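Examining the three-dimensional arrangement
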Amino acid sequence: MYIVTAKEMYDIDQFSMDRVEMDGSMLMENAGREIAQRVSSMINFEQALCILVGSGNNGGDGFVIARTLLNMGYKVTVLQVVEDKKIVGHAAYHKRLYLKCDGILKQLNEINDVQEELNKEDVIVDAMIGIGVKGDLREPLYSLVNQINRLDNLVLSVDIPSGLPTDEGVADFTAVQADHTFVIGAIKQTAFIQHTAPSYGKWECSSIGFPQAAFKQLEMERKVWTKAAFQRTFPERSEYDHKGDHGKGLVIGGSSNMPGALGLTTRAALRSGAGLVTAATTDSVIKRIASFCPEATFVTVPEINGHLKYGNDIDYKGFDAVAIGIGLGREAASRPVIRHAAAAKIPLIIDGDGLTHLKADLEVLDEREEPVILTPHPGEMAMLLDLSVKDVLMRPFHYAKKFATDHGVYVVLKGAFTVITDPNGKQAVNTTGNAGLAKGGSGDVLTGIILAMIMQKQSIFEGLCNACFVHGKSADLLIQESHSQHDLLASDVIEGLSLVYRTF
Ligand SMILES: NC(=O)C1=CN([C@@H]2O[C@H](COP(=O)(O)OP(=O)(O)OC[C@H]3O[C@@H](n4cnc5c(N)ncnc54)[C@H](OP(=O)(O)O)[C@@H]3O)[C@@H](O)[C@H]2O)[C@@H](O)CC1
Ligand SMILES: [K+]
C-alpha cells in the first residue's frame, strides 16, 4: 500500500486518466461505490445519514456515496455546503444522477439551525474537502467543522478528514475529527504524523482501479509495511540449516550505569534467529548480563570510568554484522570504538549513544562501503541534523530521507510510526506496535532484532522492515494475550517474539 503526498496522488490520477484513458467520472463512481459498500456494512437501515458535500471531486465522491446508499434503501440526505455554481465537472454529473434518483438535497445557507439539523442525523459522511485543501479552512466550513467535532454522531470521512493537509509539515490546522476514514487509492502522509494521524480515526484504504503503472511512475517508493509484505519477504528456514547459516553477530556497548541495555540487545538477537551472538563489553557488564543471555559468548573490552575504552582490541573477523552504541554512554574515551567498528567490512548498526559519538565524527560514514544502519529516535535524529525534535516530528519522511540520501545510510527513525529509509530514499512505515513500547529498553530490543534480521537471507531494507514489524507485533500479541500497555516490559517483548513466529 502506497503512502502519498497530494502531488503524487494527483500524478497517479492524471496518469490513469491521460495515459490509461480511464474516465474521471468512472474513477469517482468506483470510489463512491466502494465506500458506500463499506459504510453499509457499518450501519443499519434505521439510521439516518447526512452526506456533507463540498465543491471539488471529494464532494463528487459524496454524491456517488449518497446515490448508492439511497438505492440500497438507506435514509439519505445530502447537505451541500457550497453554492450550486461551485459544483462542476464530474461532481456536477454525479449530482445530477443523485437528483434523478429522487435524492434529497439541502443547502447549508438555507438552514437556520445547523446544529439542530445535524443532531437529527445518526451518521455524518464528510465529503466536503479532500486532498485539494489549501491553507486554513475558510468560513462557513471553519465553523461547520467545529460544530461537527462537537457532535456525538458517527463521523465518516471520505479520503481524508476535511481540512486536514495531505502532506507532512503543517503545524496548525482545523479539520474534521473522524471516527473512521475511507481512504481512496493510496494512504496520505499525514496518516503517519504524530499530530495529524488522530484526525483520521481508524482508516482503511480501498483500491478504485488505478493501474500499477500509475504508482510505479512515482519518483520514489513510499509504502506501508504490511503483514503480507512480511510474509512475502521473511526467509524460510530449511531443516538442513546449521547455526552458521543464520549469522554470527557482534554487539558492542554497555557501561556500568547501563548494563542491562546490552543484555536486552543480545538476548533479542538470539531470540529473533541469530545463529551466534557475541557481546563485547566491560568485565563488570559481562558479570551482570551473562546469566540473562547464557547462549551468548563474550569479549572483554578494557574500561575507563565504567565505560568502554578505545576498542581497538575488538576482532571483527568471522562476524557477519555488528551493532554498536547500546548503553555505551557518552564518555569521550569510548568514541574511537565507533571508528574501529566502521573499519570492519561488515554491515554496521549504530544505535543509542553510538549516534552521539557518530555526530562528532560524521565523516566515518562517507568512508564506508558496507551498509550502515542508524536507528535514531526523534531526539537523536534531531541531534544528528541540528534540528529541534518538533521539526523532526513535523516532517519525519523528509528528514529521514535527507539524512539517508546525504550520507548513503539506512535510517530507522523510531516512533509510533517507525519510518525505514534506504540510501536511495525508498521508504516504508511500520504500523505494528502500541504505546506499551514507549519505555526504556524497547530500542535496545529492536536493535537486537535488526542485527538478527540483516544476517538472514533477505535484503537489508526488507530485513529492517521485518525487524520493526516483529518488534511491534510481539507487543501487540502480548497485549492481546497476557499483558497491558502499562505493564509491558522490553524483556517481555523479547519473549513475545516466539508468539510472532508461531502466529505468522
Ligand atoms: N479522478 C479524480 O479526480 C478523483 C478524485 N477523487 C477525489 O477527489 C478529491 C480531490 O478533489 P479536488 O482536487 O477537486 O479537491 P477537493 O479535495 O475536492 O477540494 C477542492 C475544493 O475545496 C475547496 N477548498 C480548498 N481549500 C479550502 C479552504 N481552506 N477552505 C474552504 N474551502 C477550501 C476549494 O474551493 P475553492 O477554493 O475553489 O472555493 C475546492 O473547490 C480527492 O480527495 C478524492 O476524494 C476520487 O474520486 C478519485 C478520483
Ligand atoms: K473529506
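A quick note: this is a predicted structure, and the numbers were derived from the prediction, not measured.

**Re the overall build of the protein**
- Each helix and strand in the protein was counted, giving 19 helices and 21 strands.
- The buried share of the protein, taken over its 504 residues, is 51%.
- Long-range pairs, those at least 24 residues apart, make up 72% of the contacts in the protein with a sequence separation of at least 6.

**Topic: the UniProt feature "binding site: AMP" (unreviewed entry) in the protein**
- This chain's UniProt record puts "binding site: AMP" (unreviewed entry) on Lys414, Gly415, Ala416, Phe417, Thr418 and Gly443. Look at the named residues: they lie 30 residues apart in sequence, but the longest C-alpha span between them is just 13.7 Å, so in the fold they bunch up.
- Take Gly415: it is sitting in the loop between β19 (410-413) and β20 (418-421).
- Taking the C-beta count within 10 Å as the criterion, Gly415 has 20 such neighbours and is therefore assigned buried.
- Note that Gly443 resides in helix α17 (residues 442-454).
- Here Gly443 is in contact with Asp351, Gly352, Thr375, His377 and Lys414, once residues within four sequence places are set aside.

**Overview of the sheet that holds β19**
- Read across the sheet, ten strands follow the order β10-β21-β20-β19-β18-β17-β16-β11-β12-β13 without closing on themselves; strand pairing throughout is mixed. Looking at which strands have only one partner, the edges of the open sheet turn out to be β10 (222-225) and β13 (297-300). Direction aside, the axes of adjacent strands within the sheet are offset by 20° on average.
- Running at roughly 170° to strand β11 (residues 248-253), helix α9 (residues 259-271) makes contact with β11, β12 (276-281) and β16 (321-326) of the sheet.
- Of the strands in this sheet, β11, β16, β17 (348-350) and β18 (372-374) are in contact with α17, which crosses β16 at around 170°.

**Here's the deal with the site of ligand 1**
- For ligand 1, the set of nearby residues contains 26 residues, the closest of which are Gly56, Asn57, Asn58, Gly130 and Gly132.
- Broken down by secondary-structure element, the contributors of at least two residues to the shell around ligand 1 are α2 (24-40) and α3 (57-72).

**Describing the domain arrangement of the protein**
- Per the domain assignment, the segments of the protein are domain 1 (3-219) and domain 2 (241-503).
- Taken together, the contacts link eight residues of domain 1 with nine residues of domain 2.
- Along the lines of polarity and charge, the residues of the side of domain 1 that touches domain 2 split into four nonpolar, three polar and one charged.

**Some words on the packing of α3 against helix α4 (residues 89-100)**
- Between α3 and α4, the shortest axis-to-axis distance is 8 Å and the interhelical angle comes to 20°. By the angle between their axes, α3 is roughly parallel relative to α4. Of the two possible hands of crossing, α3 and α4 adopt the one that is left-handed. Residues Asn57, Gly59, Gly60, Phe63, Val64, Ala66 and Arg67 of α3 lie in contact with α4, whose contacting residues are His90, Ala91, His94, Lys95, Leu97 and Tyr98.
- Tallied by class, the residues present in the contact of α3 with α4 amount to six nonpolar, five polar and two charged.

**Some details on the pairing of strand β4 (residues 104-107)**
- Bridge count for strand β3 (residues 75-80) against β4 is four bridges, and the pairing is parallel. Counterpart to Val78 in the pairing with β4 is Leu105.
- Handedness of the crossover joining β3 and β4 through α4 is recorded here as right-handed.

**Some details on the nonpolar core**
- Within the largest apolar cluster, 153 residues are counted, with the highest numbers of intra-cluster contacts made by Ile51, Ile65, Val125, Leu451 and Leu464.
- Tallying contributions element by element places helix α18 (residues 460-481) first for this core, with eleven residues.
- Summarising the domain contributions, this core has at least three residues from each of domain 1 (3-219) and domain 2 (241-503).
- Leave out the neighbours within four places in its chain, and Leu464 touches Ile373, Tyr410, Val412, Ile420, Ile450 and Met453.

**Quick notes on α4**
- For α4, built from twelve residues, the straight-helix expectation of 16 Å at 1.5 Å per residue is met to within 8% by its first-to-last C-alpha distance of 17 Å.
- Here α4 has its buried residues at His90, Ala91, His94, Lys95 and Tyr98. Across the axial projection of α4, the buried residues extend over an arc of 140°, all falling on one side. Residues of α4 that are exposed and point over 90 degrees away from its buried face: Arg96 and Lys100.
- On its buried side, α4 packs onto α2, α3 and β3.

**Considerations on the sheet that holds β4**
- Taken in spatial order, the seven strands of this open sheet run β4-β3-β2-β5-β6-β7-β9, and their pairing is parallel. The sheet is open, and its two edges are formed by β4 and β9 (202-206), each paired on a single side. Averaged over all adjacent pairs, the angle separating strand axes in this sheet is 20°, with direction ignored.

**Structural notes on the packing of α2 against α3**
- Taken N-terminus to C-terminus, the directions of α2 and α3 make an angle of 50°; their axes are 8 Å apart at the nearest point. As the angle between them shows, α2 and α3 are arranged oblique. Both α2 and α3 take part in a crossing whose hand is right-handed. Listed contacts from α3 to Met28, Glu29, Ala31, Gly32, Arg33, Ile35, Ala36, Val39 and Ser40 of α2 are Asn57, Gly60, Asp61, Val64, Ile65, Thr68, Leu69 and Met72.
- A class-by-class count of the residues in the contact of α2 with α3 yields nine nonpolar, five polar and three charged.

Reading the values: rules and limits
- Residues numbered from 1 in each chain as written.
- Chains lettered and ligands numbered in written order.
- Predicted model: local features only at pLDDT ≥ 70, side-chain atom pairs only at ≥ 80, totals over all residues.
- Helix = DSSP H or I, 4+ residues; strand = E, 2+ residues; numbered from the N terminus.
- Buried ≥ 20, exposed ≤ 12 C-beta atoms within 10 Å, placed from the backbone.
- Contact = placed C-beta atoms within 7 Å.
- UniProt positions renumbered as here; feature names shortened; annotations may be inferred.
- Pairing = 2+ DSSP bridges.
- Axes fitted to C-alpha atoms, helices over the stretch in contact; angles between N-to-C directions.
- Near = placed C-beta within 6 Å.
- Domains from an automatic or database assignment.
- Nonpolar A, V, L, I, M, F, W, Y, C, P; charged D, E, K, R; others polar.
- Parallel < 35°, antiparallel > 145°, perpendicular 65-115°, else oblique.
- Left-handed = near helix turned anticlockwise from the far one by under 90°.
- Right-handed = clockwise from strand over helix to strand, strands pointing away.
- Core = buried A, V, L, I, M, F, W, Y, C linked by C-beta atoms within 7 Å.
- Expected span 1.5 Å × (residues − 1).
- Arc of directions from axis to C-beta.

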